[in-house]
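Secondary and tertiary structure notes
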Amino acid sequence: MQISEKEIQQLVSQIVQQTIRQDNQSEVLDKPAVKSELTTLSEEHLGVFDKMEDAINAAEKAKQQYSQYTIKDRERFIESIKKWTLKEKYDLSKRVVEETGLGNYEDKIKKHELAARTPGTELLETKAQSGDTGLAIIEEAPFGVIGATTPVTNPSETVISNAIGMLAAGNTVVFNVHPSSKNVCAYTVTQINRLIVNLGGPENLVTMVKNPSMESLNVMASCPKVNMLVGTGGPGLVKALLKSGKKAIGAGAGNPPVVVDETANIQKAARDIITGHSFDNNIVCILEKEVFVVDQVANELIESMVQEGAFLIKGDTIESMKQLITVEDQDGVHVRKEWVGKDPYKYLDALNISYTQKPKCIICETEFEHPFVQLELLMPILPIVRVENFHQGVDYAVKAEHGNRHTAICHSQNIDNITYYAKAINTTIFVKNAPSLAGIGVESESVVSFTIAGPTGEGITTSKDYTRARHCVLVDGFRII
Ligand code: NAD
């Protein structure tokens, strides 16, 4: 029998793969086990493609190869992504700030540390049901190729966190990142691929289009090779993905309200609110966006916030700030995008307001109807509304949350009040007596994720949400009791 050169190559490739799978102990392998036939832009840009179609095809091919790898292999790849993220967090944070112009360097480092804590395969579980007629097992299988979008507000953090969760579940992923963060995302995707290939994994487990656009987003959303969509971003994006006809996870906008009642530890409440609100210049979706405080303790709360580093603006200055950061047209008042996520002192400089030290954020008292309360500003500017009593605060909070089902925060020692608020607001995340960040695992028992799926209900998404249930039914013979 004659064997062609191609067949010899295939045999060698199979043997190499087999050896790799047997050698779970080996940390680093000299050569990649599988080389994709699809070519990427260059060695420098592993996983980054000129065309969305090519990015999808590469992820689809990688999916076939990835299915040959063990769960231990997935864990090795994820571990190396986590280690790399922790090592490169300073450089990544610098790149994000430089490219997007949003947020601040110090908090981006913390966000990358957080992304590296995203859970992986440990959350996956197989369930079993047994009875008189045998056994059924339900396994969490990969969904396939996932098409994911990332927001400009957490670009590399979401690429890393999504990649960990999605790869843990055995999927491959193609990203359509926000165009204003395409360079840092391309760098992140390249490095993730490099790490995986160096560990003997397939190329292109994670891919993206080099120049993302609404058009490339549409290609991704409509391509039959993409099995699931995960949209992290604003409300328009989520609505568009939900119309695709595919399984879609929608992680949309928030406008998290805080309610503070007269039983709260006011100094701690002030510290927690300022810590959460001022994080990364307030560009994270779960952070405190407006406060409703019972009149009786409002002055104390505001004074305590100033002691915590907030800058209080009053009277005409609030109107000037509104003119600066919002714009009105026939459709209503909108946020001026160019003011999203800037350092707090820059807003003061723009209005020629002097300050003795750079503030952590700007606070002001407003009415409930004020645009600072109603709009998701994503700026370190926090409106505070006095309310007559706790129930009025909850009523306002529910209205200001706009049914996003995202995040709400409560400062109170009254269990009945806390329970009442939690039921009424019906959000995915409800944080009690802590900064909002506790909702995604910062100094709390909650799980870490950068994709909070309120509209579609998965909650704080993890690897489990990127799986499909497969049932294997074994009739007779497999039951041992
Ligand atoms: P966005 O909706 O403008 O962008 C998100 C995604 O939409 C991008 O990655 C991109 O794929 C697509 N997109 C939007 N405009 C595009 C364009 N011109 N060209 C190509 N693609 C485009 O949202 P954003 O401003 O990047 O992020 C901020 C919003 O996301 C806020 O509303 C915030 O609350 C929300 N967010 C939600 C979560 C969550 O987990 N629920 C997490 C982070 C951010």
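What you are looking at is a predicted structure, and each value in this text was computed from that prediction instead of being measured.

Attention now goes to the packing of helix H5 (residues 155-168) against helix H6 (residues 182-198). One can describe the packing of H5 onto H6 by two numbers: an axis separation of 8 Å at closest approach and a directional angle of 35 degrees. Relative to H6, H5 is oriented so that their crossing is right-handed. Contacts between H5 and H6 involve Pro155, Ser156, Val159, Ile160, Ala163 and Leu167 from the former and Val184, Cys185, Thr188, Val189, Ile192 and Ile196 from the latter. Residues belonging to the contact of H5 with H6 are distributed by class as follows: 10 nonpolar, 2 polar and no charged.

As a further point, take the environment of Thr172. Within the secondary structure, Thr172 sits in strand E5 (residues 172-177). Relative accessible area serves as the criterion here: at 0%, Thr172 is assigned to the buried category. For Thr172 and Leu205, which are 33 residues apart along the polypeptide, the C-alpha to C-alpha distance reads 4.8 Å. At 2.8 Å, the side chain of Thr172 forms a polar contact with the backbone oxygen of Ala59.

So, about the sheet that holds strand E7 (residues 228-232). Read from one edge to the other, the open sheet built from 6 strands follows the order E1-E6-E5-E4-E7-E8, with strand pairing classed as parallel. Strands at the two margins of the open sheet, each flanked by one partner only, are strand E1 (48-49) and strand E8 (247-251). Strand direction decides the pairing type here: strand E4 (residues 145-150) and E7, joined by 4 bridges, are parallel. Considered in E7, the bridge of Ala148 is made with Val230.

With the rule as written, the count across this model stands at 19 salt bridges. The residue Asp73 makes a salt bridge to Arg76 at a minimum N-O spacing of 2.9 Å. Of the two residues, Asp73 and Arg76 both sit in helix H3 (residues 71-100), 3 residues apart, roughly one turn of that helix. Under the relative-accessibility criterion, Arg76 is labelled buried at 10%. The residue Asp280 makes a salt bridge to Lys108 at a minimum N-O spacing of 2.8 Å. Taken together, the residues Asp280 in the loop between helix H9 (266-278) and strand E10 (290-294) and Lys108 in helix H4 (residues 105-115) connect sequence positions 172 residues apart. The same class applies to Asp280 and to Lys108, which are both buried.

On to the packing of H9 against helix H10 (residues 295-307), then. Between H9 and H10, whose axes approach to 8 Å, the crossing angle comes to 50 degrees. What the angle tells us is that H9 and H10 run oblique. Considering only the axes of H9 and H10, their crossing is right-handed. For the pair formed by H9 and H10, the contact residues are Ile266, Gln267, Ala269, Ala270, Ile273 and Ile274 on the first element and Val297, Glu300, Leu301, Ser304 and Met305 on the second. Residues belonging to the contact of H9 with H10 are distributed by class as follows: 8 nonpolar, 2 polar and 1 charged.

Moving on, we get to the sheet that holds strand E16 (residues 407-411). Strand order in the open sheet formed by 7 strands is E11-E14-E15-E10-E9-E16-E17, with parallel pairing between adjacent strands. Of all strands in the sheet, those with a lone pairing partner are strand E11 (310-313) and strand E17 (429-432), marking the two edges. Across the sheet, the axes of successive neighbouring strands diverge by a mean angle of 25 degrees, strand direction being ignored. Bridging between E11 and strand E14 (residues 361-365) involves 4 bridges; their strand directions are parallel. In the sheet register, Ile313 faces E14, and the bridge partner there is Cys364.

So, how was this worked out
- Residues numbered from 1 in each chain as written.
- Predicted model: local features only at pLDDT ≥ 70, side-chain atom pairs only at ≥ 80, totals over all residues.
- Heavy atoms only, no water.
- Axes fitted to C-alpha atoms, helices over the stretch in contact; angles between N-to-C directions.
- Helix = DSSP H or I, 4+ residues; strand = E, 2+ residues; numbered from the N terminus.
- Left-handed = near helix turned anticlockwise from the far one by under 90°.
- Contact = heavy atoms within 4.5 Å.
- Nonpolar A, V, L, I, M, F, W, Y, C, P; charged D, E, K, R; others polar.
- Buried < 20%, exposed > 50% of the residue type's maximum accessible area, 1.4 Å probe, protein only.
- Polar contact = N/O pair within 3.5 Å; in protein donor to acceptor, adjacent residues only side chain to side chain.
- Pairing = 2+ DSSP bridges.
- Salt bridge = Lys/Arg side-chain N within 4 Å of Asp/Glu carboxyl O.
- Parallel < 35°, antiparallel > 145°, perpendicular 65-115°, else oblique.

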